[in-house]
Structures are given as C-alpha cells and as structure tokens.
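# Geometric and topological summary
Okay, here's what each chain looks like letter by letter:
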Amino acid sequence: MSYDLEELEKFRLSGRILCAAREALRGFVREGMLVLDVCEKAEALICEGGGLPAFPCNVSVNEVAAHYTSPPGDESVIPVGSTVKVDMGVHVDGYVTDTAFTVSFNPEGKSMLATAEFALKAVVDNICDGVSTGRIGGIIESAIRNHGFKPISNLTGHSVGRYLIHAGTSIPNVATLATTKVHTGEIFAVEPFVTQPDAIARVDDSSQHTIFRLVRAKSVKTPYAKQLLKHIETNFRTLPFTERWITKVIPHEHYQEAFKELLTSKIITSYPVFVEASKKPVAQAEHTLLIKKDNCEILT
C-alpha cells in the first residue's frame, strides 16, 4: 500500500518522535535498574515528543527475544552482564513507526548488537523498488553469518500501516524463496535478530503474556467489562496495549473479573513472550523504512 503526501508526513513525524525517544533512551538503560522504569521512560519520552505509543515498550533480556513489557507492579531488573533489547513504536493519528536497539553489558552481546546493526545497514543500502522479500532475507542472513553469528529464523520484519503494526507483508531474517516484492511508497519495519553460533536460532512461545490487543468488539455481560472494552476501543483500536495502561479505568476491585471476561470471550487476545529455543541471548536492531525507486528513506 502506498500513501499520499499528507499521510507520509504523519509517518515522518511519527518517525522523528520515535528517533528522538530512542536516542534519549540509549544511555538510560543500566544494570540493576527496574525493567518497569525503562518501559515507562520510553513511553513518557514518546508522549513528551508529541506522539502516542503504538505498542507497549518491549524490554527483552538475554534469551527473551521479544514481546516482554512490564506488567503492573513488575519488580524484575536488568541483570548484570545482560543483553537487553528495547523495542518501541510511535503513532501519529494512527500512522505507525517502529524501532529497536540493543544495549549489552558483555563483550559477546556487544558483538551481536554490532552485527544486528550491520545487517540492518546492509538492508538500508540495498532495498529499493522491486526487491523481493526473499532477497532481503538473504541479505540479512549473509551479513549475520559472515560475522560468525546466526539469524533467528522465525522472527520477521513487517509492513506497517495506519493503526497496524503488522500490515500484511513479512520481511524474513533468512533467505527464502519468497517472490513478494517491495514497492515505492510502501513502509516496512526491518529488524534483524542475532544470536550465538551454537544456538538453535528460533524462538518458542513462552507461557508468559504481557501484551494484549483487541480482536473484535461484541456484547459483554458485566457493566465493568463493557466500560473497560469501550476504553480499549477508544484509545487503542487495533494497536497492542499493556495492563499497565488500563488498570485504573474501572474500580480496582472489579478489574480482574472484567479483564478476564474480555479474555475468555476472545474479545482481546494476548501475545506470548518469545524465547530463543536453546536459551541463548539475542540482539536486535530495527528501523522503519519508506521504499523509494532506487533506495529507501529511514523514517526512524
């Protein structure tokens, strides 16, 4: 899908806000600090910049590759010597951009994050109108393997849209036979994931779920569930959210029952936390790119 000039300017503004928040956050992440503090700092920076979070800030430590955000009251901390992925998104009037960076407090993690950034730059230098997603995956895989690491085979980048984090087209991190091509005016989040050479190099779903999304609105039984659903519809639409953002919408004593009703009715769904199958650490880098005829524009 391509966009008109007004829509593109909203994507660009979204990207500028996100870029500023990311750069301000790079020096903020430290060993021993609460994961919750990183999440809340990222989301505050986005709002201070004039945007809204497109999804809860993900802070994924070591073998956790993606989809972890602090639940309410989270007391987990950034471990000493860890490798930490911070994945953030902004929307302006629904127009989404997505970025991620890695901070590592150990030498191998720093090599992995440098490799993720190298692979991302390789895509930036080669992506343009007409390039197939399979070839982009090959560029990423070669860049990572040439540095002595492995790409995560079942994590992908993705097209973005209005109120859509995943707008239909995936960008693999390994070479595939996919013939789908990217085209001028389309917008993609490209995100190489890197792990150690002896890793299985794929992720499994864990039993933990900290991020949620509205699937479909339908009638609910209790007034508090109805009130909670209305808030989710109004404020997030199809975008992901965290319980941290909604626990004060209704009286505390009714919250758990109302939230459970939305889940069991399949009105909302949850995202499992992704963990590398052999429990090896993972690094990540990500930009949102606007495809042009002969190159791309980095929006983030």
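Details of the structure are given in the entry above.
### Considerations on the packing of aromatic side chains
- The final tally for this structure, using the stated rule, is seven aromatic pairs.
- Relative to F259, the ring of Y255 lies with its centre 5.6 Å away and its plane at 20°, an arrangement referred to as stacked. Of the two residues, Y255 and F259 both sit in helix 6 (residues 252-264), four residues apart, roughly one turn of that helix. An identical accessibility class is assigned to Y255 and F259; each is buried.

### Some points on unusual backbone geometry
- Its identity is not glycine, yet D93 carries a phi of approximately 55°, on the positive side.
- Take D93: it is sitting in the loop between strand 4 (83-92) and strand 5 (95-104).
- On the basis of relative accessible area, D93 is assigned to the partly exposed category, the value being 33%.
- Positive phi outside glycine occurs at K266, with the angle close to 60°.
- Locating K266 in the fold gives a position in the loop between helix 6 and strand 12 (268-276).
- Given a relative accessible area of 59%, K266 falls into the exposed group.

### As for the sheet that holds strand 12
- One open sheet accounts for three strands, arranged 3-12-11; its pairing is antiparallel. This sheet does not close on itself; its edge strands, each paired only once, are strand 3 (64-66) and strand 11 (203-214). The sheet shows a mean angle of 35° between the axes of neighbouring strands, taken without regard to direction.
- Strand direction decides the pairing type here: strand 3 and strand 12, joined by two bridges, are antiparallel. Within strand 12, the position partnered with A66 by the bridge is F274.

### A short note on the packing of helix 5 (residues 223-236) against helix 6
- The geometry of helix 5 relative to helix 6 is characterised by a closest axis approach of 8 Å and an angle of 70° between their N-to-C directions. On the basis of the axis angle, helix 5 is roughly perpendicular to helix 6. Taken as a pair, helix 5 and helix 6 cross one another with a handedness that is right-handed. In this structure, helix 5 contributes Y224, A225, L228, L229 and I232 to the contact, and helix 6 contributes H254, Y255, A258, F259, E261 and L262.
- Among the residues making up the contact of helix 5 with helix 6, the classes are represented as nine nonpolar, one polar and one charged.

### Some words on the environment of R135
- For R135, the location among the structural elements is in helix 4 (residues 133-145).
- On the accessibility criterion, R135 (46% relative accessible area) is partly exposed.
- Once the C-alpha coordinates of R135 and F274 are considered, the two residues, 139 residues apart in sequence, prove to be 25 Å apart.

### A look at the sheet that holds strand 6 (residues 150-151)
- Strand order in the open sheet made by the three strands is 6-10-13, with antiparallel pairing throughout. In the strand order of this sheet, the two ends are held by strand 6 and strand 13 (282-284), each with one partner.
- Bridging between strand 6 and strand 10 (residues 193-195) involves two bridges; their strand directions are antiparallel. Bridged to P151 within strand 10 is V194.

Calculation rules
Residues numbered from 1 in each chain as written. Predicted model: local features only at pLDDT ≥ 70, side-chain atom pairs only at ≥ 80, totals over all residues. Heavy atoms only, no water. Phe/Tyr/Trp six-rings, centres within 6.5 Å; stacked < 30°, edge-to-face > 60°. Helix = DSSP H or I, 4+ residues; strand = E, 2+ residues; numbered from the N terminus. Buried < 20%, exposed > 50% of the residue type's maximum accessible area, 1.4 Å probe, protein only. Pairing = 2+ DSSP bridges. Axes fitted to C-alpha atoms, helices over the stretch in contact; angles between N-to-C directions. Parallel < 35°, antiparallel > 145°, perpendicular 65-115°, else oblique. Left-handed = near helix turned anticlockwise from the far one by under 90°. Contact = heavy atoms within 4.5 Å. Nonpolar A, V, L, I, M, F, W, Y, C, P; charged D, E, K, R; others polar.

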